[in-house]
Amino acid sequence: MKRFALLLVLSAGVSLDSHAQFGDFLKSVASDAARQVVSGQVTKAVNGAVDSAVKGVTQPAAAAAPAAEGTTQAAAAPGCGRVRKNAIVVGERPESYPLASLWPDAGCPVYSYSDLKFDKASAAKTAFREASKVRCNDCEGGSWPDAWGWRSLVKDSRGGNYTDEFAKMLVALKEGESLTWKGNKYEGKVVAVGAHPIGDLPCRQFHYVLTDKGKQVAEYDSLLCEYTGAYSSKATWHEMV
C-alpha cells in the first residue's frame, strides 16, 4: 500500500499534458498485477508493477544501444548497390598524377583491380590497333594489325603467353627507354614514361607510337599495374590498358 501511495504522490506532480501518458501507466500496472495474481504472487505483482511504472515516469528513456563494432558498412554510391568489405574505391585523380586517361574511371567500387575501367585510354588503344591493320591473303579476317608486331620481340614465350613475357620486358625499361619493332607496313615503338602508382597500387605508364616511313599514324598511352590475380599466388604485372 505504501507503494500505491507513492504512485499517487507522483501522479500529482505530473503535468496536465502527461495525464494521458500516466493513465497508460496505471493501466499497465493493473494489467501486470492481474497476470501475476493468477500465479499467487499478489504482493510481488503489485510491487513490481508499481516500480516499473514509477521508473517510466521519473527516468528518461534509455539511449539506444550502440551498433556492434565492425557491423556498419560504408554508404554505397547512388546506383551502386551495397558496398562489401574490402571493396576497391578509387578517388579523384591527384594533380601530381600525369596522363588523366590512365586514371581509373569514376564509378562503383570494384572487388578486383582487373575490373577497373579506363574507357578513354582503351578507345585510343583500339583506334591504334585498327590504324595498324594491313591487308593479307593468308591471315584470318583478311588483315593483320602491325600493332601486334611486338610479339616478335618475345624470344621465350612459355605456353604462348606473349602478354606476360612482354610485360616483364616493359617493366625492365628505365624511364625514357624504348622497344621498337617493324611490322609488315608500319613501325611500332613503346617508350617507358615512368612509375606512377594509383593509390597503393604500383603502376607504370608507357606510350605507344605507330609510324609509316617516319610519319606518325597513331598513338596511345598504356598502363601496367602489379597485383595478385585470381589465379596467382604472387603479385605480377598486368596490362590495364
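Scroll up to find the structure this text is about.
Residues numbered from 1 in each chain as written. Predicted model: local features only at pLDDT ≥ 70, side-chain atom pairs only at ≥ 80, totals over all residues. Heavy atoms only, no water.

## Digging into the pairing of strand 5 (residues 203-212)
By the criterion of burial, strand 5 is predominantly enclosed, with seven of the 10 residues buried. Summarising the sheet, strand 4 (residues 187-195) and strand 5 pair through eight bridges and their orientation is antiparallel. Counted as the bridge partner of Ala 195 is Arg 204 from strand 5. As judged from the 10 bridges shared by strand 5 and strand 6 (residues 215-228), these two strands associate in the antiparallel manner. Across the sheet, Phe 206 pairs through a bridge with Ser 222, a residue of strand 6. Between the antiparallel neighbours strand 5 and strand 6 lie two residues, among them Lys 213 with a positive phi of about 55°. (Buried < 20%, exposed > 50% of the residue type's maximum accessible area, 1.4 Å probe, protein only. Helix = DSSP H or I, 4+ residues; strand = E, 2+ residues; numbered from the N terminus. Pairing = 2+ DSSP bridges.)

## Brief notes about the state of the cysteines
Disulfide: a covalent bond connecting the sulfur atoms of a pair of cysteines. Per the stated rule, a full pass over the model turns up three disulfides. Put simply, Cys 136 and Cys 139 are joined by a disulfide, and their sulfur atoms are 1.4 Å apart. Taking the sign of the S-S torsion, 65° for the link of Cys 136 and Cys 139, the bridge is right-handed. In this structure Cys 136 comes out as buried when scored by relative accessible area, which is 18%. The side chain of Cys 203 participates in a disulfide bridge whose partner is Cys 225; the two sulfur atoms lie 2.1 Å from each other. Taking the sign of the torsion about the S-S bond as the criterion, the disulfide between Cys 203 and Cys 225, at about 105°, is right-handed. Of this pair, Cys 203 sits in strand 5 while Cys 225 sits in strand 6, placing them 22 residues apart in sequence. For the protein, the disulfide bridges join cysteines in the arrangement 1-2, 3-4, 5-6, where the cysteines are counted in sequence order. (Disulfide = S-S within 2.5 Å.)

## Some words on the packing of aromatic side chains
Scanning the model with the defined rule gives eight aromatic pairs in all. With a centroid separation of 4.9 Å and an interplanar angle of 70°, the aromatic rings of Tyr 97 and Trp 103 are classed as edge-to-face. What makes Tyr 97 buried here is its relative accessible area of 4%. Where Phe 128 meets Tyr 220, the ring centres are 5.0 Å apart and the plane angle is 65°; that geometry is what we call edge-to-face. With a gap of 92 residues between them, Phe 128 in helix 4 (residues 119-131) and Tyr 220 in strand 6 connect regions that are remote in the sequence. Residue placement shows Arg 151 over the ring face of Trp 148; its charged tip is 4.9 Å from the ring centre. (Phe/Tyr/Trp six-rings, centres within 6.5 Å; stacked < 30°, edge-to-face > 60°. Lys NZ or Arg CZ within 6 Å of the ring centre and 35° of its normal.)

## Thoughts on the nonpolar core
A general tendency of soluble globular proteins is for nonpolar side chains to be buried together. In terms of nonpolar packing, the biggest core is built from 22 residues, with Phe 128, Phe 166, Leu 170, Val 190, Phe 206, Tyr 208 and Leu 224 touching the most fellow members. Taken together, the elements giving at least two residues each to this core come down to helix 5 (162-171), strand 3 (178-182), strand 4, strand 5 and strand 6. Filtering out sequence-adjacent residues up to four positions away, Phe 166 remains in contact with Trp 150, Leu 153, Val 154, Leu 179, Val 190 and Tyr 208. One finds Trp 103, Phe 118, Leu 201 and Val 241 within the second-largest nonpolar core, a separate group that totals 16 residues. (Core = buried A, V, L, I, M, F, W, Y, C linked by side-chain atoms within 4.5 Å. Contact = heavy atoms within 4.5 Å.)

## A word on the pattern of salt bridges
Taken as a whole, this structure holds four salt bridges when the rule is applied. Where Glu 239 meets Lys 125, a salt bridge forms, and the shortest distance between an N and an O atom there is 2.9 Å. Separated by 114 residues along the polypeptide, Glu 239 in strand 7 (residues 235-239) and Lys 125 in helix 4 bring together distant segments of the chain. Across the salt bridge formed by Glu 130 and Lys 133, the nearest N and O atoms sit 3.2 Å from each other. Using a relative accessible area of 40% as the deciding quantity, one classes Glu 130 as partly exposed. Three or more residues are tied together by salt bridges with common partners; here these are Arg 129, Glu 130 and Lys 133. (Salt bridge = Lys/Arg side-chain N within 4 Å of Asp/Glu carboxyl O.)

## Comments concerning the environment of Pro 202
With respect to the helices, strands and loops of the structure, Pro 202 is situated in the loop between strand 4 and strand 5. By relative accessible area, which is 34% here, Pro 202 ends up partly exposed. Residues Pro 202 and Trp 237, spaced 35 residues apart in sequence, show a C-alpha to C-alpha distance of 9.1 Å. Once residues lying within four places of it in the same chain are set aside, the contact partners of Pro 202 are Pro 197, Leu 224, Cys 225, Glu 226 and Trp 237.

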